[in-house]
Amino acid sequence: MAMDGSSGGEEFAVGCLLSIKTTFGDEFEGQVITFDRPSNILVLQEGLKSNPQSRRNIRLLKANYIKDFSFLGQSDDPLDLKKCYLDLNSLQSKEDAAVRQAEIDVERIGVGVTAEAQSIFDALSKTLPVRWDKTVIVVMNEVRVSSPYLAESVTGGTAAANERVRKVLELERRRLQTRGAGQ
């Protein structure tokens, strides 16, 4: 059935299984979840042939872009809550990972430090493992950089580690000065 734009969406009843060809050359099958007449958007659920508990794609498609479609049949309401499947273990894992990442991100923000100190920390963290110990930047768990975060403020660790931290520190301070002068 070719689309001429005059159908008005009557064919897009909830639960219909359709084979669709778009004006972009895509071909797919999906089940109608809903059709929004004011926006002329068809919401389809793909992936029906695979395992019912597997992930499915939701596709929003402007009906104007449907070149051709054929009716494959009628199915149950795709939003029937009795048949919805949620993988709670997967959701819990994603939540746990997001919480862990948020905790890691929070630890990277210095408390009671200047914006300049945070910029120095961020620059060091791009190439070296760093963490905050109150207002002191700890690099590689051995080198410490104290306020005012100058090359002379670097203590602890091996001579090579100190030199590396000093070099990054000096480069970042120069970058901050040129950025400050350009504003």
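Residues numbered from 1 in each chain as written. Predicted model: local features only at pLDDT ≥ 70, side-chain atom pairs only at ≥ 80, totals over all residues. Heavy atoms only, no water.

**Digging into unusual backbone geometry**
Threshold: Secondary structure follows DSSP: runs of H or I at least 4 residues long count as helices, runs of E at least 2 residues long count as strands, and numbering of each begins at the N terminus. Only protein chains enter the accessibility calculation, which uses a 1.4 Å probe; a residue is then buried when its area is under 20% of its type maximum, exposed when over 50%, and partly exposed in between.
Cis geometry marks the peptide bond from Ser-147 to Pro-148; its omega dihedral reads 15°. Along the chain, the position of Pro-148 falls in the loop between strand S8 (143-145) and strand S9 (154-155). A positive phi angle, close to 65°, is found at Asn-40, a residue other than glycine. Tracing the chain through its elements places Asn-40 in the loop between strand S2 (27-36) and strand S3 (41-45). Looking at Asn-40, the relative accessible area reads 23%, which means it is partly exposed.

**A few points about the sheet that holds strand S6 (residues 130-133)**
Just so we agree on the cut-off: Any two strands with at least two DSSP-identified bridges between them are counted as paired. When checking whether two residues touch, look at their non-hydrogen atoms; a contact exists if any pair is within 4.5 Å. Each axis is a line fitted through C-alpha atoms, and for a helix only the stretch in contact is used; angles between axes span 0 to 180 degrees, taken between their N-to-C directions.
The four strands lie next to each other as S6-S7-S8-S9, forming an open sheet whose pairing is antiparallel. The sheet terminates laterally at S6 and S9, the two strands that pair on one side only. Direction of pairing for S8 relative to S9: antiparallel, over a ladder of two bridges. Each residue of the ladder has a partner; that of Arg-144, found in S9, is Thr-155. Contacting S6 and strand S7 (136-139), helix H2 (residues 115-125) runs over the sheet at an angle of about 150° to S6.

**Description of the packing of aromatic side chains**
Note the threshold: For this analysis, a ring pair means two rings from Phe, Tyr or Trp (six-membered ring only for Trp) whose centres lie within 6.5 Å, classed as stacked if their planes differ by under 30 degrees, edge-to-face if by over 60, and tilted for the remaining angles.
Applying the stated rule across the entire model yields four aromatic pairs. Considering the side-chain rings of Phe-121 and Trp-132, the 4.8 Å spacing of their centres and the 10° angle between planes classify their relative orientation as stacked. Of this pair, Phe-121 sits in helix H2 while Trp-132 sits in strand S6, placing them 11 residues apart in sequence. Phe-121 sits in the buried class, given a relative accessible area of 0%.

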